[in-house]
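These are the residues of each chain, in order.
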Amino acid sequence: MNHTAALPFELDAGGNAPLGMPPAQFLRDYWQKRPLLIRNAFPDFEAPLQPEDLAGLACEEVALSRLIRHDRARDGWQVETGPFDEDLFPGLGDRDWTLLVQDVDKWDADVAALLPHFAFLPRWRIDDIMVSFAATGGSVGAHVDQYDVFLLQGQGHRRWQIDASDAMGRGVPPQDFRDDVEMRLLREFTPTHEWVLGPGDMLYLPPMVPHHGVAEDPCLTFSVGMRAPSVSELMGDYIDTLAAEADESIRYHDETLQPPADPNEIDADAMARVVEALNVMRMKDPDRLGDWFGSFITGYRNAQQVVAGGTAPPRIELEWLLSQGQAVLHRNPFTRMAWRRAGDGARLFASGTAWPVPLRDARTLAAEARLDGRTYTALSNAGRETVLELLAEGHYTLLDADSE
């Protein structure tokens, strides 16, 4: 019998915020298996930004934003994409609309400060923090997500309904979509659980769990979403990489060919040779495969392309400024980093590019979004060289220490 069947769907975090249990227990019993409502996941939580801040960000060209309005009378839905004119918001009324902005953690350091609370997950698995403001009655309809998500209530109250039939052993819920709206809304939705979340409460949902959230009053919700590439996305990039690196001199060959029984048949021997030819192209070297995946996953779903900034000062001047505490290096918030062991060192991946560095340097650079003089000096010469190259490519910005 599956031991998770008797586990609760709701608990109070108590002294074990934010999960209400040790991370290993959560990953064993709930991660990608079972929804969980965690009351007081963030006790005495105060939202790190206000609705007017979110509206201001939605007016910026660089932000990815959507406005969703619901016509209750005919159950109609209207979706608009930003940037929006600031004069729009006063006329929206006080009911039945939702503003959503992606990647708010890239634009707001206080929102990004929530991410260390999710260090029980690989950092490269976390995609972004989306923030939504909903007027009373605001919703995005009943839907499913193809990735794990943590829904943290920031202000106000939101009523969540979920269909946990699968986790309860009742079968997979229907997942057909309506064809009368431009959003991927469920045609059928029968909730098994319903809760009202207040500030600091958090709902975890595995992929493909039907859910529907409606604002009880004006509210902010912080959605920590995961990166979960589809098999087709993985295969597409993998095959593109193989094709780009393929040796054109390696071709299908059949030096053991025998006279065919029927010259028009593609026989079993021919198919065996096809498999052999494809296996030659396969990445059999773990380091090569690891380099491909590290590059893929740190570049996957990047909302913005990192580009080189202004000319950096000469190395001797840069290192003097850092050593004197007059400057610091800040990582571009859109630069995604991860690392993996390779040979006797490591590979550091930054937004799709691999950099060979010593293991200790890889750990430091992936973990630290801010490099001061002490951190920089502690790097090996190879690590410092890598930082300089990353700076030249726009992955770091040199700032005056006083301007932080």
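Our structure's up above, just so we're on the same page.
Please read these numbers as outputs of a predicted model, since none were measured by experiment.

Peer 1: Can you tell me about the sheet that holds strand β18 (residues 396-400), naming the residues and giving the values?
Peer 2: Taken together, three strands build an open sheet; the order of strands is β17-β13-β18 and the sheet is antiparallel. Both outer strands of the open sheet, β17 (370-371) and β18, are each paired with one neighbouring strand and no more. In this sheet, β17 lies alongside strand β13 (residues 327-331) in antiparallel orientation, the contact comprising two bridges. Considered in β17, the bridge of L329 is made with L371. Where helix α11 (residues 381-392) meets the sheet, it contacts β13, β17 and β18, and its direction lies at approximately 90° from that of β18.

Peer 1: Please give an account of the side chain of S165 that cites residues and values.
Peer 2: When you line up the elements, S165 lands in the loop between β8 (158-162) and β9 (193-197). Beyond its immediate chain neighbours, meaning those up to four positions away, S165 contacts R170, G171, P173 and T192.

Peer 1: Could you give an account of the pattern of salt bridges, with specific residues and numbers?
Peer 2: Working definition: two side chains of opposite charge can pair if their charged atoms are close together. Overall, the coordinates contain 24 salt bridges when judged by the stated rule. Between K106 and D105 there is a salt bridge, with its nearest N and O atoms 3.2 Å apart. Given the relative accessible area of 9%, K106 is considered buried. D127 is paired through a salt bridge with R336; the nearest N and O atoms lie 2.6 Å apart. Of this pair, D127 sits in strand β6 (residues 126-134) while R336 sits in the loop between β13 and β14 (337-342), and the two are 209 residues apart along the sequence. Relative accessible area serves as the criterion here: at 9%, R336 is assigned to the buried category. Among the charged side chains, a network of salt bridges with common partners joins D287, D291, R340 and R347.

Peer 1: Go over unusual backbone geometry, please, and point to the residues and values.
Peer 2: With omega at 0°, the peptide bond leading from A17 into P18 counts as cis. Note that P18 resides in the loop between β1 (10-12) and α1 (23-29). Omega for the bond connecting G82 with P83 falls within 30 degrees of zero, at 5°, which places this linkage in the cis form. Mapped onto the fold, P83 is located in the loop between β4 (76-81) and β5 (97-101).

Peer 1: Outline the nonpolar core, listing residues and values.
Peer 2: Judged by nonpolar contacts, the single largest core of 47 residues is most densely connected at F26, L54, L99, F150 and F222. Counting residues per element, the ones that place at least two in this core are β2 (36-39), α2 (51-58), β5, β6, β7 (149-155), β10 (202-205) and β12 (219-226). Sequence-distant contacts of L99, defined by excluding residues within four places in its chain, comprise L54, A55, A58, R66, L67, F84, F89, V131, S132 and F133. Residues L322, V357, Y376 and Y396 belong to the second largest nonpolar core, which totals 19 residues.

Peer 1: Residue-level account of the state of the cysteines, with values.
Peer 2: Under the counting rule described, the total for this entry stands at zero disulfides. C219 provides the cysteine sulfur closest to C59, a residue in no disulfide bond, and the two sulfurs are 20 Å apart.

Peer 1: Give me the environment of G93: which residues, what numbers.
Peer 2: Structurally, the position occupied by G93 is in the loop between β4 and β5. C-alpha of G93 to C-alpha of Y300: the two residues are 207 residues apart in sequence and 37 Å apart in space.

Peer 1: Residues and numbers for helix α8 (residues 315-323), please.
Peer 2: Those residues of α8 that fall on the buried side of the exposure criterion are L318, L321 and L322. The buried residues of α8 occupy one face: seen down the axis, they fall within an arc of 100°. Check the buried side of α8 and you find it contacts β13, β17, α10 (373-377), α11 and β18. Once α8 finishes, G325 follows within two positions and takes phi at roughly 75°, a positive value.

Cut-offs used in this document
Residues numbered from 1 in each chain as written. Predicted model: local features only at pLDDT ≥ 70, side-chain atom pairs only at ≥ 80, totals over all residues. Heavy atoms only, no water. Pairing = 2+ DSSP bridges. Helix = DSSP H or I, 4+ residues; strand = E, 2+ residues; numbered from the N terminus. Contact = heavy atoms within 4.5 Å. Axes fitted to C-alpha atoms, helices over the stretch in contact; angles between N-to-C directions. Salt bridge = Lys/Arg side-chain N within 4 Å of Asp/Glu carboxyl O. Buried < 20%, exposed > 50% of the residue type's maximum accessible area, 1.4 Å probe, protein only. Core = buried A, V, L, I, M, F, W, Y, C linked by side-chain atoms within 4.5 Å. Disulfide = S-S within 2.5 Å. Arc of directions from axis to C-beta.

Read these as layout, nothing more, since geometry by itself doesn't imply function.
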